[in-house]
Structures are given as C-alpha cells and as structure tokens.
Amino acid sequence: MTIAVTFLPRTAPGPLPPIAFIGGGNMASAIIGGLIQQGVAADNFEVVEPFEEARTRLAQSYGIVARAEASEALARCAVVVWAVKPQTFAEAARPVRAFAADALHLSVAAGIPSDSIARWLGTERVVRAMPNTPALVGKGMTGLFARPGVESADRARVGQLLAPTGELIWVDAEPALDAVTAMSGSGPAYVFYFIEAMTEAGVEMGLTPEQAQRLAIGTFTGASALAHSATEPPSVLRERVTSKGGTTYAALSALEASDVKGQFKTAIRAAQKRAAELGEEFGRG
C-alpha cells in the first residue's frame, strides 16, 4: 500500500466555483475562514446547517447566510463538501442528491467509505478526506483518496479548496485512510496527552503550571519544526541529543524499560482498527 505525498500548489487552478458545505461546524468553518481570508466572497458559499447556533456563528464570523435544509440553491455549486457526523451522512444525502448530481463531492466525514457515498449520491466523483484539528490554525495534515471517476482537474480543485488548512497527502488505496486516521486524524490528541504529562511532571518538579506548560508546548513546537526541516530521520536527531550517561539517556532508558514505544504503536493500531469498524458501521445506510 503506497502513500504518495502531494505538496500544496501555490498557484490556484483558476477562481473557485460556488461551493456547498453540508454541515457548518468546526471543520467547515476552518475551510471557509481560510478561503475568505484568501479573498473568496461570502456569497460564493452555500451552507446547509440544521443547528441555529452554528448558522448564527457563520453569519457573524463570515457573513454567510446558512440554510436549515437543502434546497435548489445547491444546484449552482460545482463542489459539495460533506462536513457532517458519520452517523447522519446517509440521511443528509437524501435531500441533497437531487440538487447536486453533477457536483464533485468531498467528504471530511470520518470513516464513511467512498462506496457508500457514491451509492447515496449517485455519482463516482467522490473524494474522501481525513483532516485533523490543526487545520483550524492552518497547520493541518489531510489524507485524501479519490475514486476512479475523479479527474486530475478535480484533484487540483480539492487541493485549492483545502490549501488554507495545511498539507495534503494523497493515498492510492482507500484502506490507507484508516492508517491516516489513526496517525494524524487522532494524532493531535496523542500530542496533547504528552504535553499534559510533561506539564504535570514539570509542576511536580517545582515549576509553576504556566512555566511547565510553556516549556512543554515550546519543546514540541521546536522539535517538530526541526524534524520538518531536517534531512536526517528522527532517529538520528534523537541520537544527537542523547549522550550516554546523560539526562536524556536516563529518560529514554526509562521509556524503553516500560516499552512506551511498543504501547504507543499498539494504541495507534487500536485507532486504525476502530476507524475500519466505524466505516463498516456507518456505511451501511
């Protein structure tokens, strides 16, 4: 199973056509907000959002008038972004299908297989995306899979649409999205977990909570930036800061003694397994 890395294009494939969002929550807001910052007008979007609070937030933040239900207004949209909860996808698709037969469909709903999406919407032009929450600050990682009916121009359009959220990785086999989900989709929670642990340890060693949290977050930010820019693998970077008999060596020895790496890999595998289960559970509708 091959994962191909695609760097985001800096030149857009022409102006964005009208775009529909089914669901107006955090992920939809992250994409919409980024596009508006790049100069896309608020009237370029059609949003279907059943919850009044979310519709009000979109109006206040971006000047977008969201609708509670699908309508013929969706027919003008060349791209439909599905930002709904997995368990509501099948139901949400029924009223939209009549208005979006010719659109490109991009799903950011976790776990729903593209076979199910294509069946519910009556089209093969379906792209599945697995973004993560750092997309809210433009630092996300998004895994993507395109069905055979998706053309190269469609892929370029998806890249343009998701550019404000961060980096993209296209995979050539849909099951690889379960691995993407386990790594980067759930991954921010792993990082926050370790930041919590480092912060708590810092407080126990006499630092203030503010000092400990600042050190923990700054260390993750700096180390990630170094790993991103380095030509060497993380294992080499780790070895460079690990002198035998030193403080780092003592810490890593304790981690190895507890098999933290093995347990961590087991945890990621558990997330991958659950992602596949969710696809089977919610994709039957």
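Scope of this entry: the structure provided in the associated data block.

Thresholds applied
- Chains are numbered independently. Their residues run from 1 in the order of the written sequence.
- Predicted model: local features are reported for residues with pLDDT of at least 70 only, side-chain atom pairs are reported and counted for 80 or more only, and whole-chain, interface and lining totals are derived from all residues.
- Heavy atoms from the whole structure form the basis of all side-chain values; hydrogens and water molecules are not counted.
- A run of DSSP states H or I qualifies as a helix once it reaches four residues; a run of E qualifies as a strand once it reaches two. Both are numbered from the N-terminal end.
- Burial classes follow relative accessibility: with a 1.4 Å probe on protein chains only, a residue under 20% of its type's maximum area counts as buried, one over 50% as exposed, and anything between as partly exposed.
- In what follows, residue pairs with any heavy atoms lying within 4.5 Å of each other are defined as contacts.
- Here the positive residues are Lys and Arg and the negative ones are Asp and Glu; neither His nor the chain ends is included.
- Think of each charge as sitting on NZ of Lys, CZ of Arg, CG of Asp or CD of Glu.
- Angles run from 0 to 180 degrees between N-to-C directions of axes, and those axes are lines fitted to C-alpha atoms, restricted for helices to the stretch in contact.
- Note on angle classes: values under 35 degrees are labelled roughly parallel, values over 145 roughly antiparallel, values of 65 to 115 roughly perpendicular, and the remainder oblique.
- Residues are sorted three ways: Asp, Glu, Lys and Arg are charged, Ala, Val, Leu, Ile, Met, Phe, Trp, Tyr, Cys and Pro are nonpolar, and all the rest, Gly among them, are polar.

## Here's the deal with the overall build of the protein
Across its full length, the protein carries 11 helices and eight strands. Projected onto its principal axes, the C-alpha positions of the protein cover 70 × 40 × 35 Å. The buried share among the 285 residues of the protein stands at 39%. In the protein, once contacts between residues fewer than 6 apart in sequence are set aside, the share between residues at least 24 apart is 64%. In the protein, which carries 25 positive and 28 negative side-chain charges, the distance between the mean positions of the two groups comes to 3 Å.

## Considering the packing of helix α6 (residues 176–185) against helix α7 (residues 187–204)
Two numbers describe how α6 lies on α7: the axes approach to 5 Å, and their chain directions differ by 30°. Relative to α7, α6 is oriented roughly parallel. For the pair α6 and α7, contact is made by Ala182, Met183, Ser184 and Gly185 and by Gly187, Pro188 and Tyr190, respectively. For the contact of α6 with α7, the per-class residue count stands at four nonpolar, three polar and no charged.

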